[in-house]
Each structure stands twice: as structure tokens, then as C-alpha cells.
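Fold and contact review
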Amino acid sequence: MDLKEARELIANKALWPRVRDYLARGGEMMDFSRPENRLVLLDAQTLIQVKKWLDALAHAAEWKIVVEGEKVRKLREEYPGIYPDVFRYLPYFSKFDLSDQSNSALVLFLLKLKFPEAYALCFS
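Residues numbered from 1 in each chain as written. Predicted model: local features only at pLDDT ≥ 70, side-chain atom pairs only at ≥ 80, totals over all residues. Heavy atoms only, no water.

1. Some remarks on the packing of aromatic side chains
Taken as a whole, this structure holds nine aromatic pairs when the rule is applied. Ring geometry for W53 versus Y89: centroids 5.5 Å apart, planes at 85°, classification edge-to-face. In this pair, W53 is assigned in helix α3 (residues 44-63) and Y89 in helix α5 (residues 86-89), connecting sequence segments 36 residues apart. Judged by its relative accessible area of 3%, W53 is buried. Ring geometry for F93 against F109: centres 5.2 Å apart, planes inclined by 80°, an arrangement best described as edge-to-face. Separated by 16 residues along the polypeptide, F93 in the loop between α5 and α6 (104-114) and F109 in helix α6 bring together distant segments of the chain. Judged by its relative accessible area of 2%, F93 falls in the buried class. The lysine or arginine in question, K95, covers the ring of F109, its NZ or CZ lying 5.2 Å from the ring centre. (Phe/Tyr/Trp six-rings, centres within 6.5 Å; stacked < 30°, edge-to-face > 60°. Helix = DSSP H or I, 4+ residues; strand = E, 2+ residues; numbered from the N terminus. Buried < 20%, exposed > 50% of the residue type's maximum accessible area, 1.4 Å probe, protein only. Lys NZ or Arg CZ within 6 Å of the ring centre and 35° of its normal.)

This is the structure in C-alpha cells:
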């Protein structure tokens with residue numbers, strides 16, 4: 001990062017406070033102009049929800065056949081607000097390999113659909 005890029009980062013009022021807090025917590029300096037790198041700036045609750053959504057998308061095919069009441073209750077408890085809603089979103093993700101949760105395109109598409117504030121931060 002050169003001086004001009006550093007000044008642009010500091011001038012970004014939406015991004016700089018998060019970068020500053022991330023670095024103060026012991027995070028390492030990286031190129032925050034790349035949207036994939038901005039994911040580390042999201043709050044812990046959002047990251048947990050994104051991870052749960054990625055898990056739900058990866059397991060949705062096997063969850064479709066779950067009909068036992070106990071298993072359904074357990075899934076609803078473990079994935080509140082996600083199960084059974086994940087089935088409505090599956091068609092949007094048909095072009096992705098859902099087992100590859102490290103695919104940045106998949107993560108960014110999920111952010112766009114379900115987490116617009118996080119998406120705005122990553123692409124501001």
C-alpha cells in the first residue's frame with residue numbers, strides 16, 4: 001500500500017473506523033481495496049450468520065428429505081431464521097458449488113442477497 005492508497009483508506013468514512021478497530025484488535029494490514037479482504041471487517045455476529053448460511057446451503061440437499069419432527073425442530077433451533085428459508089434461496093445458488101464454502105464469489109453473492117449492509121461495506 002502506497003501513501004496515496006493509505007490516504008484514500010483513511011478518508012473513507014464508512015471503511016476506516018472498521019479497519020482501525022480491526023488493526024487495534026491485532027489484525028494484520030492487508031489490501032482493503034479488495035472486497036474479499038474486507039470480510040474480516042464484519043462484526044462477529046454477521047460472520048456467524050454468514051457461516052451458518054453457508055453451512056445451510058451446503059447441507060440443503062440432504063435436509064430436503066428430513067421429515068422427522070425431532071430432526072426438524074433441531075434444525076430450526078440450530079439454524080434460526082435460516083431453516084427452512086434456505087430452500088427458497090437454493091435456485092439463486094444453482095450456478096455455485098455449494099460444498100466449496102471458500103469460493104469468494106459464493107460468499108459475495110450470499111452477502112448481496114441476505115446481508116446488504118455487509119455487501120455495501122465490502123463494495124463501498
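We are not done yet, so read on.
2. Brief notes about α3
Taking 1.5 Å as the rise per residue, α3 with 20 residues should run 28 Å; its terminal C-alpha atoms sit 26 Å apart, in good agreement. Along its length, α3 shows its largest kink, about 35°, at L57. In this structure, the buried residues of α3 make contact with α4 (69-78), α5, α6 and α7 (116-122). (Expected span 1.5 Å × (residues − 1). Bend = angle between axes of the 7 residues up to and from the residue. Contact = heavy atoms within 4.5 Å.)

3. Observations concerning the environment of Y22
With respect to the helices, strands and loops of the structure, Y22 is situated in helix α2 (residues 16-24). A sequence separation of 19 residues divides Y22 from L41, and the C-alpha atoms of the two residues are 6.4 Å apart. The contacts of Y22, once residues within four sequence positions are left out, are G27, E28, M30, F32, V40 and L41.

4. Describing the nonpolar core
Membership of the largest hydrophobic core comes to 34 residues, with the highest contact counts inside it found for V86, F93, L110 and L111. Sorting the residues of this core by element identifies α2, α3, α4, α5, α6 and α7 as the ones contributing at least two each. The biggest single contributor to this core is α3, with seven residues. Not counting chain neighbours up to four residues away, the residues in contact with F93 comprise L57, L98, L106, F109, L110 and L113. (Core = buried A, V, L, I, M, F, W, Y, C linked by side-chain atoms within 4.5 Å.)

5. What about the pattern of salt bridges?
In total, this model carries five salt bridges according to the counting rule given. Of the charged contacts, one joins K51 and D55 as a salt bridge, the two residues approaching to 3.1 Å between their closest N and O atoms. With K51 and D55 both in helix α3 and four residues apart, this pair spans about one turn of that helix. For D55, a relative accessible area of 19% translates into the label buried. A salt bridge links E78 to K74, with the nearest nitrogen and oxygen atoms 3.9 Å apart. Separated by four residues within a single helix, E78 and K74 lie in helix α4, roughly one turn from each other. Looking at E78, the relative accessible area reads 36%, which means it is partly exposed. (Salt bridge = Lys/Arg side-chain N within 4 Å of Asp/Glu carboxyl O.)

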